Amino acid sequence: MAIVDVTVIPVGTESPSVSHYVADIQKVLKKYEEQGDIRFQLTPMNTIIEGDLPKLFEVIQAIHEVPFEKGLARVCTNIRIDDRRDKQRKMEDKVARVESLLEE
């Protein structure tokens, strides 16, 4: 299972606010989550998605398309992938590990 940090950046919007694009992207992610394909977490600056890598690439393409579907002509998407294959780790496991070290 991999964890992806993804930021979809709509370019050429009418306003500096992009929250309505973010909301539409979250709706797409929710559908994938309801199907059991992924888990995701919205943060103030990005979205973290957890799942099998081939499915994550499918999801990334789907959310990359959202601003185009809303009429934009340009979208930039930043992706970071954490694909650890020696252990199964969830998003919460990574955070919990660091927090446990802070308590030492």
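Residues numbered from 1 in each chain as written. Predicted model: local features only at pLDDT ≥ 70, side-chain atom pairs only at ≥ 80, totals over all residues. Heavy atoms only, no water.

Any chance you could explain the sheet that holds strand β2 (residues 38–42) here in plain terms?
Read across the open sheet, the four strands follow the order β2-β3-β1-β4; overall the sheet is antiparallel. What marks the edges here is a single partner per strand, and that holds for β2 and β4 (74–82). Direction aside, the axes of adjacent strands within the sheet are offset by 25° on average. In this structure, strand β1 (residues 2–11) lies alongside strand β3 (residues 47–51), joined through five bridges in antiparallel fashion. Across the sheet, Val4 pairs through a bridge with Ile49, a residue of β3. The strands that helix α1 (residues 19–34) touches are β1, β2 and β3; relative to β2, the one it contacts most, it runs at about 155°. (Pairing = 2+ DSSP bridges. Helix = DSSP H or I, 4+ residues; strand = E, 2+ residues; numbered from the N terminus. Axes fitted to C-alpha atoms, helices over the stretch in contact; angles between N-to-C directions. Contact = heavy atoms within 4.5 Å.)

Can you walk me through the nonpolar core in this structure?
One finds Leu29, Ile38, Ile49, Leu56 and Ile63 to be the most contacted residues of the largest nonpolar core, which totals 17 residues. Looking at this core, the elements that each hand over two or more residues are β1, α1, β2 and α2 (53–69). With six residues, the single largest contributor to this core is α2. Discounting chain neighbours no more than four positions away, the residues touching Leu56 are Ala2, Val4, Ile38, Ile49, Glu50 and Gly51. (Core = buried A, V, L, I, M, F, W, Y, C linked by side-chain atoms within 4.5 Å. Buried < 20%, exposed > 50% of the residue type's maximum accessible area, 1.4 Å probe, protein only.)

In this structure, what is going on with a nonpolar patch on the surface? I would like to understand it.
On the surface, a cluster of nonpolar side chains totalling about 260 Å² of accessible area is made up of Phe57, Ile79 and Ile81. Mapped onto the secondary structure, Phe57 falls in helix α2. For Phe57, a relative accessible area of 44% corresponds to the partly exposed category. (Patch = residues over 30% accessible without salt bridge, like charges linked within 9 Å, V, L, I, M, F, W, Y side chains within 5 Å. Areas by Shrake-Rupley, 256 points an atom, 1.4 Å probe, with all protein chains shown as cover. Salt bridge = Lys/Arg side-chain N within 4 Å of Asp/Glu carboxyl O.)

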